[in-house]
Amino acid sequence: MVAADVKVYTVNAGKGKRVSREHVQGNIELIQGFEFPEASNKIKTTRDGYYAIATGTYKPQTKVWDLDELNLKFERHSDAENVDFT
C-alpha cells in the first residue's frame, strides 16, 4: 500500500533514452555503481552515517561507499561467501 503523497520512481538508463526530470520537494541523490553482478545479501551503514557497506554473492565481495561523496571507496573480493559482518 502506498500513501497518496509518496512518489515512487523507477530509475534505469539505456542508449538513446532521454531522462525526464521532475521537480519534487526535497532532493533525491543516487549513488553510481551501487550494484552487484548477482545479488547483495547484507547492507549496513556505519554508526556515523558516512559509509555504506554491502556484501554480494558470486563472486563473493564486499563494497564500501562514501555517502558524502556518493561514490565507491573500495571493493574487495573473497574466496568464500560473506555471511555476516559488524
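Quick caveat, the model's predicted, so the values are computed rather than measured. (Residues numbered from 1 in each chain as written. Predicted model: local features only at pLDDT ≥ 70, side-chain atom pairs only at ≥ 80, totals over all residues. Heavy atoms only, no water.)

A.B. asks: I would appreciate a short explanation of the packing of aromatic side chains in the present structure.
C.D. replies: Any aromatic ring pair is given by two values, namely how distant the centres are and how the planes are angled relative to each other. Inspection of every chain in the model, using the stated rule, returns one aromatic pair. Positioned above the aromatic ring of Phe85 is the side chain of Lys44, whose terminal nitrogen or guanidinium carbon lies 5.2 Å from the ring centre. (Phe/Tyr/Trp six-rings, centres within 6.5 Å; stacked < 30°, edge-to-face > 60°. Lys NZ or Arg CZ within 6 Å of the ring centre and 35° of its normal.)

A.B. asks: I would appreciate a short explanation of the side chain of Thr57 in the present structure.
C.D. replies: As for its position among the elements, Thr57 is in strand 2 (residues 51-57). Thr57 gets classed as buried once you look at its relative accessible area, which sits at 19%. For Thr57, the contacting residues outside a window of four places in its chain are Glu38, Ala39, Asn41 and Glu81. (Helix = DSSP H or I, 4+ residues; strand = E, 2+ residues; numbered from the N terminus. Buried < 20%, exposed > 50% of the residue type's maximum accessible area, 1.4 Å probe, protein only. Contact = heavy atoms within 4.5 Å.)

A.B. asks: So what exactly am I meant to see when it comes to the side chain of Asp66 here?
C.D. replies: As for its position among the elements, Asp66 is in strand 3 (residues 61-66). There is no salt bridge for the buried Asp66, and the closest opposite charge comes from Lys73, which lies 4.1 Å off by N-O distance. In this structure Asp66 touches Tyr50, Tyr51, Asn71 and Lys73, once residues within four positions along its chain are discounted. (Lys, Arg positive; Asp, Glu negative; His and termini not counted. Salt bridge = Lys/Arg side-chain N within 4 Å of Asp/Glu carboxyl O.)

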